[in-house]
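# Report on the structure
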Amino acid sequence: MTRTVRAKAPAKVNLQLTVGPRRADGYHPLVTVFQALDLWEVVEATPRTDGRITLAVDVAAGSPIDASRVPLDETNLAWKAADLLARTFGIADGVDLRIVKGVPVAGGMAGGSADAAAALVACAEAWDTGATRGELTALAARLGADVPFSLHGHTAVGMGRGDELTPAMSHGEFHWVLATQRAGLSTPDVFAEYDRRIESGEQAVSDLDIDGPIMRALMAGDAVALGESLLNDLEGPALALMPRLEEVLDAAEAAEACGAIVSGSGPTVAALARSRQHALAIAAHLKASKTCDAVVTASGPATGTLLLDSQ
Ligand code: C5P
């Protein structure tokens, strides 16, 4: 009998994103600190006997996300995840995938990577592959640099391309306000702008070290100290490609956020609050500032990818 398996995977924010010079393979060596946030991508997998993979996308109820920019073909990371898993485990069946989006599209919050992670977990169960966590993590790294963290969740340091993870200690809950833009930024474009700035001397290459103040603020559960320490080497390139983001950062500062930063390669701006209440106040201020297209609040660290109920 055919059954539908569901899995959910979290969004992420990079508390530190330190980028080294471009490698021969086109990737950049990173030192990054990820925190998973409780905004979720849900993927449903229903096996089909004809070997085909199909994909449909919906948006979580009440979410301002525009799903029209999500590709529905083999370029979608969830589709790629199902295909890679089937080839690896010799699965002849296909699958109907349905993504319910809760993470902004092309926003620098790893929504696509979350789709890949949730699709791996849902398909592994739906096809009864018996895949271990280690096997899924290895496949995740082949799908994209952020996909292993989408599986892992919580708080982690990422090295290499960002896919070599070490769990990091963190205390308590952090409250975030995420200001999103309807237009996305392409991650390769932002890295290319980073390369241009390094070549022209507009930006210096950072040392690839884990930031002590960030790790201490996480251990202490200190939002004020964490807000003051946030670091992102891709912020300058993202601001150059989308100057409007400067106004979002200014609006977050005016709302007395503990700190604000472009999330990953952007264009989402993540503002850190002292409390849930403070997050709601910052969210109201950012909405009124009209510097962004939508505002959502979220908390972290959240868990990694989880299997939900099966039907
Ligand atoms: O691994 P993923 O497909 O998510 O990466 C998207 C793009 O981001 C890469 O093609 C590359 O241009 C850039 N990237 C990078 N260095 C990293 C991670 C991503 O240059 N460590």
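What counts and what doesn't
Residues numbered from 1 in each chain as written. Predicted model: local features only at pLDDT ≥ 70, side-chain atom pairs only at ≥ 80, totals over all residues. UniProt positions renumbered as here; feature names shortened; annotations may be inferred. Helix = DSSP H or I, 4+ residues; strand = E, 2+ residues; numbered from the N terminus. Contact = placed C-beta atoms within 7 Å. Buried ≥ 20, exposed ≤ 12 C-beta atoms within 10 Å, placed from the backbone. Pairing = 2+ DSSP bridges. Right-handed = clockwise from strand over helix to strand, strands pointing away. Domains from an automatic or database assignment. Nonpolar A, V, L, I, M, F, W, Y, C, P; charged D, E, K, R; others polar. Near = placed C-beta within 6 Å. Axes fitted to C-alpha atoms, helices over the stretch in contact; angles between N-to-C directions. Expected span 1.5 Å × (residues − 1). Arc of directions from axis to C-beta.

## A few points about the UniProt feature "active site" (unreviewed entry) in the chain
- Cross-referencing UniProt, the feature "active site" (unreviewed entry) maps to Lys 12 and Asp 146 in the present numbering. Spanning 135 residues, the named residues form one tight spatial group whose C-alpha atoms are at most 9.1 Å apart.
- In this structure, Lys 12 sits in strand 1 (residues 5-19).
- Discounting chain neighbours no more than four positions away, the residues touching Lys 12 are Phe 34, Gln 35, Ala 36, Leu 37, Met 109, Ala 110, Asp 146 and Phe 149.
- Overall, the presence of 28 C-beta atoms within 10 Å leaves Asp 146 in the buried class.

## Examining the UniProt feature "binding site: ATP" (unreviewed entry) in the chain
- The UniProt feature table records "binding site: ATP" (unreviewed entry) at Pro 104, Val 105, Ala 106, Gly 107, Gly 108, Met 109, Ala 110, Gly 111, Gly 112, Ser 113 and Ala 114.
- Within the element layout of this structure, Gly 111 appears in helix 2 (residues 111-126).
- Within the secondary structure, Gly 112 is located in helix 2.
- Gly 112 gets classed as buried once you count the C-beta atoms within 10 Å, which come to 26.

## Some details on the pairing of strand 3 (residues 53-59)
- For strand 3 and strand 4 (residues 94-101), the ladder comprises seven bridges, and the chain directions are parallel. Bridged to Ile 53 within strand 4 is Val 95.
- Read as a crossover between parallel neighbours, the route from strand 3 over helix 1 (residues 77-89) to strand 4 is left-handed.

## Some points on the domain arrangement of the chain
- Split into domains, the chain comes out as domain 1 (5-167) and domain 2 (174-300).
- A C-alpha centroid distance of 22 Å is found between domain 1 and domain 2.
- The partner domain 2 presents 37 residues to the 31 residues of domain 1 that form the contact.
- Counting residues per element, the ones that place at least two in the side of domain 1 that touches domain 2 are strand 1, strand 2 (30-48) and strand 5 (155-159).
- The dominant element in the side of domain 1 that touches domain 2, judged by the number of residues it contributes, is strand 1, at eight residues.
- Looking at side-chain class alone, the side of domain 1 that touches domain 2 contains 18 nonpolar, nine polar and four charged residues.

## Regarding the site of the ligand
- Residues in contact with the ligand, as listed here, are Gly 26, Tyr 27, His 28, Leu 30, Gly 144, Ala 145, Asp 146, Arg 161, Gly 162, Thr 187, Pro 188 and Phe 191.
- Of the residues in the shell around the ligand, the class split is five nonpolar, five polar and two charged.
- Counting residues domain by domain, the shell around the ligand receives three or more from each of domain 1 (5-167) and domain 2 (174-300).

## Topic: the sheet that holds strand 7 (residues 174-180)
- Across the sheet, which stays open at both edges, the four strands sit in the order 9-10-7-11 with antiparallel pairing between neighbours. Strand pairing shows two members of the sheet lacking a second neighbour, strand 9 (259-262) and strand 11 (294-300), which therefore form its edges. In this sheet, adjacent strand axes meet at a mean angle of 25° when their direction is disregarded.
- Pairing of strand 7 with strand 10 (residues 269-273), which is carried by five bridges, proceeds in the antiparallel orientation. Across the sheet, Leu 178 pairs through a bridge with Ala 270, a residue of strand 10.

## Overview of helix 5 (residues 187-200)
- Here helix 5 spans 20 Å end to end across 14 residues, near enough to the 20 Å set by a 1.5 Å rise per residue.
- Residues of helix 5 that are buried: Val 190, Glu 193 and Tyr 194. Projection of helix 5 onto a plane perpendicular to its axis shows the buried side chains occupying an angular sector of 105°, all on one side. For helix 5, exposure combined with an orientation more than 90 degrees from the buried face picks out Pro 188 and Glu 199.
- Those residues of helix 5 hidden inside the fold are in contact with strand 1 and helix 8 (235-241).

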